[in-house]
Structure formats: structure tokens, C-alpha cells
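A closer look at the structure
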Amino acid sequence: MPELTKAMELLRASFNKHAGKDGNAKSLSKKELSELLHAEFPGAAPECKDKADKFFKTLDNDGDGVVSFEEFVSFAAALTVICAVFDEHAGKEGDPKTLTKKEVCDLLKNDSFPIQPSCQAEVDEFFNMLDGDGDGLVNFREFGTFVLALCEICRKN
Ligand SMILES: [Ca+2]
Ligand SMILES: [Ca+2]
């Protein structure tokens, strides 16, 4: 699969570019990860220190305080899935860069999410939870933040 090989090469290149800045060149420190995200995935970069810490913990699967290439790749794979789900649903109505409430409803129904609201009030509650800045639309950052939080919860249980 040449596409996959190309994607892996890109990931390896961005990992190597940032991992060698301090300490071990085979892993990313918290600072290196934050630099990498801002440079390579500006849409997914956490906007405050608290979120950056949480995000780092999400990536650091074995909890050794650094992110290895394998940990980085599993994150990139998860991000790819999140992107695909988001793009598929966000393009149905209105702005393809945001999810409306109806699009969020469809997404929940079609992608067998672990959360299935049973009534309109639950849909509203869920949507408000996703819509971090309260502008009535869910952008990719808000969606990604939620999915990562969900992964964190699943991992703990
Ligand atoms: Ca680790
Ligand atoms: Ca919003």
C-alpha cells in the first residue's frame, strides 16, 4: 500500500524533526510534542497548558513520561479515524468545517458511538457538552477534544 507507506514516512519525518531537540531522539518530551503539534497539526494542538498535559497523557500510553514513535503512530491513526468521521458528517449541511446539531445526531446514530442519546433533551445536553465555546456549532477542535477525553475515560475503565 504505497499511500500507507507515504503516510508512515511523513509521520516518521515529523517525529524525527522534533524528537531530537532535547533528551532522547527516540522519544518526544512534553515540550517537543507541543512544538510538533503546533507545527504539523495546528488544528489539533491543545490551546492551554491544562489541555496540553491531558493530551500528553493520552498519547503516553505506557506512562513513562515520553511519547515513543509507536505511541505517536497510534495517536495519528486515531486522529485519521476522527478526521474521517468528522469530515463525513460535517459536510452534510451548512459549513463543512463544523457539525450542526442534526449532523451530530446522525453521527451518533450511524457510527455506533458508546453514547446514544434516547431523547431530545439528551441530544441537547450532549451537544452542549461538545460545543465548548457555545457558538451552536461543533468545530474539529471541539470534536477532537471530546473524542480524546472519551478515549481517556475508556482507557481508565
Ligand atoms: Ca511512553
Ligand atoms: Ca463551537
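Everything below is about the structure printed above this text.
Predicted, not measured: the structure shown is a model, and the values here were computed from it. (Residues numbered from 1 in each chain as written. Chains lettered and ligands numbered in written order. Predicted model: local features only at pLDDT ≥ 70, side-chain atom pairs only at ≥ 80, totals over all residues. Heavy atoms only, no water.)

With that out of the way, let us pick up the coordination of the calcium ion (ligand 1). The coordination sphere of the calcium ion (ligand 1) contains the protein donors D60 (OD), D62 (OD), D64 (OD), V66 (O), E71 (OE) and E71 (OE), at a distance range of 2.3 to 2.5 Å. Along the chain, the residues that donate to the calcium ion (ligand 1) are spaced as D-x1-D-x1-D-x1-V-x4-E. Taken together, the positions of D60 in the loop between helix 3 (49–59) and strand 2 (67–68) and E71 in helix 4 (residues 69–90) put the pair 11 residues apart, joining distant regions of the chain. A relative accessible area of 7% places E71 in the buried class. (Donors = N, O, S within 2.8 Å, 3.2 Å for Na, K, Ca; no water. Helix = DSSP H or I, 4+ residues; strand = E, 2+ residues; numbered from the N terminus. Buried < 20%, exposed > 50% of the residue type's maximum accessible area, 1.4 Å probe, protein only.)

A separate point is the coordination of the calcium ion (ligand 2). The coordination sphere of the calcium ion (ligand 2), as far as protein atoms go, consists of D131 (OD), D133 (OD), D135 (OD), L137 (O), E142 (OE) and E142 (OE), spread over 2.2 to 2.5 Å. Metal-centred angles of 52 to 157 degrees between the 6 donor atoms at the calcium ion (ligand 2) mark the site as irregular. In the primary structure, the donors to the calcium ion (ligand 2) are separated according to the pattern D-x1-D-x1-D-x1-L-x4-E. The class of D135 is partly exposed, set by a relative accessible area of 47%. (Tetrahedral: all angles 85-135°; square planar, octahedral: opposite > 155°, others 65-115°.)

This next bit is on the layout of surface pockets. Approximately 280 Å³ is the volume found for the second largest pocket. Around the second largest pocket, the lining comprises 14 residues; the ones closest to its centre are A7, L11, A76, A77 and T80. Of all the secondary structure elements, the ones that give two or more residues to the lining of the second largest pocket are helix 1 (2–19) and helix 4. When its residues are assigned to classes, the lining of the second largest pocket shows 11 nonpolar, 2 polar and 1 charged. (1 Å grid on protein atoms, 1.4 Å probe; cavity = no way out; pocket = protein on both sides within 12 Å on 5 of 7 lines; lining within 4 Å. Points joined across faces, edges and corners; volume = space filled by probe spheres on them. Nonpolar A, V, L, I, M, F, W, Y, C, P; charged D, E, K, R; others polar.)

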